[in-house]
Every structure is written in structure tokens, then in C-alpha cells.
Amino acid sequence: MQQYVNVNIDGAIIRAIRGTSVLDTAIEYGICIPHLCHVPGLTDIGACRLCIVEHVVNGRSKVTTSCTLNVEEGMVILTSTDKIRKLRHNLAELLVAQAPNSRAIQDIAVRCGVTSVRYPFRNADCVLCGRCVRTCTEIWKARAIGFVGRGKDRHVDYPFGIQPEFCKQCNNCIQICPMTITPCNGPMKPGEEYLCGQCESQLIVADETPGSCVWCELGEGFACGRYA
Amino acid sequence: MSPLAIDQILDGRRSQPDQLIEVLHDVQEKDGYIPEEAMQAVSQGLGVPIMEVYRVASFYKAFRLKPAGKNVLTICMGTACHVRGARLLLDQATGQLGIELGDVTPDGLFSIERVNCLGTCALGPIVTENETYHHHVTPGKLRKLIDTIGGQQPEETQHAQTQ
Ligand code: SF4
Ligand code: SF4
Ligand code: FES
Ligand code: FES
């Protein structure tokens, strides 16, 4: 039998299923917490940090990722305070600087209020969210890809860099990768990049609806509450 | 590494995934590095997916995935050695041997490594050559050291040979 706990998210008292994460609960209830590495049904690893919230305990608040935080009785969560918005803005800015050539990443950045970037663009083709690795491991049970190396050398790869024969070629790793949702087709001159929004990311409507939920294309893949 | 040696290492530890790191250590001890076939065998023996073995082996600095050179030059890049010019030593070694940090010369004679402090800061900059410590090393001293080990060859021929 399912057990329930009462949690307070942004002032709303929510009856949440015990054992679920704060992020899942909030989405279920229609409170959008921006997130990137979370995929319903896969283990959460807290890789992207976008889903940070303030967890208030005894009048003190701790900033932590809501996807890796399980609901508890009497919990108080704030998802959109000035402090959180500022931190999240910065995280999203770093993320989009790492990989601006993906509409999905631009969308999520716009959702976090980023319209321009102060950091040098890296034009990388991976943000190390681990969505591919987890779908391969947990859904397809193939373990054909994984994280290799550490620190700045960390990357996703096959064992020894060669596609193994036990890869099921399901392509799920590619479909679920945020880099593949409308990738940018016109890379700019290195050093002169900016967020152009040519991929029709939500950047074009950012002025009218700053920081609000923008029906990002990501939501679908994420099974965001709005698509449920 | 022979299948026999692997068998010996795996003996008594088969089907125990939690022994992964110990087994990898033993493989490295025996061979100086962890060859691909050994990882495959370890994966089979312990029942750990090969991806996991590779991930772990590539994660820890203690494991090397390529064979080391006969003489491993380890340059200390810790704070104390760094401020005394360890960077120049690294440039000297890579330039003279024509290889990058972590690589092996084609003749298998040298490889270059770095560490972050060997605990003898007062004597820095430190370079170790296999197990031997060299203290207060300068680029000049290092050049001579490499020349000596490389068989008293002057820099040019040494260089030509490694190409
Ligand atoms: S295509 Fe291969 S690597 Fe990708 S998820 Fe499927 S089994 Fe894993
Ligand atoms: S390849 Fe894509 S899904 Fe995999 S970690 Fe990188 S960005 Fe994430
Ligand atoms: S969704 Fe929580 S850290 Fe990425
Ligand atoms: S910094 Fe080189 S020995 Fe400590």
C-alpha cells in the first residue's frame, strides 16, 4: 500500500507518495522546477544541478537538488526564491556556455532566465547529464556506454572506445540526449558566439514571458507535468 | 598477461564484484599496467560488466591503461615544486623526449608522469626516475639525466631516434 506524507512546496501543502523525490512530487502537482538530467523512471544522479531548491529545516535553509531529495513528513521546500533563481540562473548560464548548440539546452536556459552568456562558449557536444548512460544501463540493461575518466577528462564512451557487440543499437541513448533535440545547424565563429535563438528556441519569447514556464520542447522528453 | 596469471589473481575471488579494485591492483602489480584482455578476463571472472571495469580503471589515477616506459620520469607539480619551476621541468622533459605527459616514447625507454606532491617539498623541485629521487632539479640537470639514461646520446640523436 502506498504511504503518504505531507510536504509544503512553495506554500502549497501536498500529499506526496512516500519514497518519491521532491522534484517528482512538484512536477506531479504542477510546480515546474527546471531540470535536465532527471528522466522519469531512471535513477536520479543530480548531475545538472538545475533542479536546486531551498530545503528549510528549523528556520535554516539548505540548497540542494530536488531530484535526489526524497519527500519527508512536514518538509518545507521553496523552489523559486531570489537566491535559488540567482543560483539557477548561473548554473544554466554555465550549461548553455558548455553546449549552446542544442535547442533543448537553450530552452532550459531561457526558462532559467538566461538570455545572454558571460562565459566563453565551449561548443561541446555533451553536458555529462548521464541520461544516455542511465537509459542504456537501466532500461536497456545493455551497459554499452558509461562515463570514462575523471575531472575535466570525464566523457561518455563505449568500453575501450569501440562499440561492443552487446550494444543493442536501440539508439535510445541518442534519442534521450538533450544535444539531439534540434541541434544548431550553423555554428558560429569561435569567440563570437552568442545566443541567437535561430533554432526557434524559447529565446524569441523570453522578453514577453521572462522566467516563466515556456512549454519547452524538453518538457515532452522529461514528461513534464504539463504533458501528462 | 597470460591467462594463467589472471587465473591466479582471480583465484578465490571469482564472482565477487566487490573485489574489483583489489584485482585490478594485482593485475597492475604484475604487468605494470592493465591490458584490455585482462579487463575482459576480470569482467568475466568477477561478474562485473566490462563497462564498469573500464570505468573504474579509467577513473582512478592509480591505474594505468597503457604500458609505462622503462624509465618513468615523475615530475612533482605540487605547490612547492610548482613555484620553484616544475613547469619548466615538464616542458624540458616533453620537449626533449618529444612526447606528451602520460605518454611513452616509441622506443619504450621513457614515460612522463606527474604527481601533486611527494612529501619532500623542502627539496623541490623533485623528479623521480623510477624509484630514485632527484632533488633541486633544474631543466639543465633534467636534460643531463635524460641523456644519461638514454645511453649518453646527445640530444639530437636521441630526438631523431624517438621520431
Ligand atoms: S544504442 Fe547501445 S549504447 Fe545506446 S542505449 Fe542502446 S544499447 Fe545502450
Ligand atoms: S551524451 Fe547526451 S545524454 Fe549522454 S551525458 Fe552527454 S549530453 Fe547527456
Ligand atoms: S534534475 Fe536534479 S540535478 Fe539534474
Ligand atoms: S610539492 Fe613537490 S614534493 Fe611537495
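The structure under discussion appears in the preceding block.
From a predicted model like this one, the values you see are computed outputs, not experimental measurements.

**Student:** Hey, could you run me through the interface of chain B and chain A in this one?
**Tutor:** Interfaces are often described in size by the accessible area the parts lose on coming together. Taken together, the contacts link 13 residues of chain B with 13 residues of chain A. Summing both sides of the interface, chain B and chain A together bury roughly 1,100 Å²; the carbon and sulfur share of this comes to 72%. Of all residues in chain B, the largest losses of buried area upon contact with chain A belong to M51(B), Y54(B) and F59(B), amounting jointly to 50% of the total for that side. Linking chain B to chain A there are one salt bridge. Residue R143(A) pairs with E52(B) through a salt bridge whose shortest N-O separation is 3.7 Å. Across the contact surface, chain B and chain A share two residue pairs in polar contact (both at pLDDT 80 or more). Among the elements that take part in the side of chain B that touches chain A, helix α4 (residues 50-59) of chain B stands out by supplying seven residues, more than any other. Class assignment of the residues belonging to the side of chain B that touches chain A gives a composition of seven nonpolar, two polar and four charged.

**Student:** What is the right way to look at the sheet that holds strand β3 (residues 52-57) of chain A in this model?
**Tutor:** Whenever strands of a sheet pair, they do so through backbone hydrogen bonds, lying parallel or antiparallel. Residues and elements named next belong to chain A. On the basis of which strands lie adjacent, the open sheet formed by five strands has the order β2-β1-β5-β3-β4 and mixed pairing. Here the strands that pair on one side only, and so sit at the sheet edges, are β2 (12-17) and β4 (60-65). Each neighbouring strand pair of the sheet contributes to a mean axis angle of 35°, computed without reference to strand direction. Pairing of β3 with β4 involves six bridges; the strand directions are antiparallel. Across the sheet, residue V53 finds its bridge partner in β4, namely T64. Against the sheet, helix α1 (residues 22-29) makes contact with β1 (4-9), β2 and β5 (75-78), and its axis sits at roughly 115° relative to β2, the strand it touches most. The strands touched by helix α2 (residues 82-98) within the sheet are β3, β4 and β5, with β3 carrying the most contacts at an inclination of about 150°.

Analysis parameters
- Residues numbered from 1 in each chain as written.
- Chains lettered and ligands numbered in written order.
- Predicted model: local features only at pLDDT ≥ 70, side-chain atom pairs only at ≥ 80, totals over all residues.
- Heavy atoms only, no water.
- Contact = heavy atoms within 4.5 Å.
- Buried area = accessible area lost by both parts, 1.4 Å probe.
- Salt bridge = Lys/Arg side-chain N within 4 Å of Asp/Glu carboxyl O.
- Polar contact = N/O pair within 3.5 Å; in protein donor to acceptor, adjacent residues only side chain to side chain.
- Helix = DSSP H or I, 4+ residues; strand = E, 2+ residues; numbered from the N terminus.
- Nonpolar A, V, L, I, M, F, W, Y, C, P; charged D, E, K, R; others polar.
- Pairing = 2+ DSSP bridges.
- Axes fitted to C-alpha atoms, helices over the stretch in contact; angles between N-to-C directions.

These figures capture arrangement, not role.
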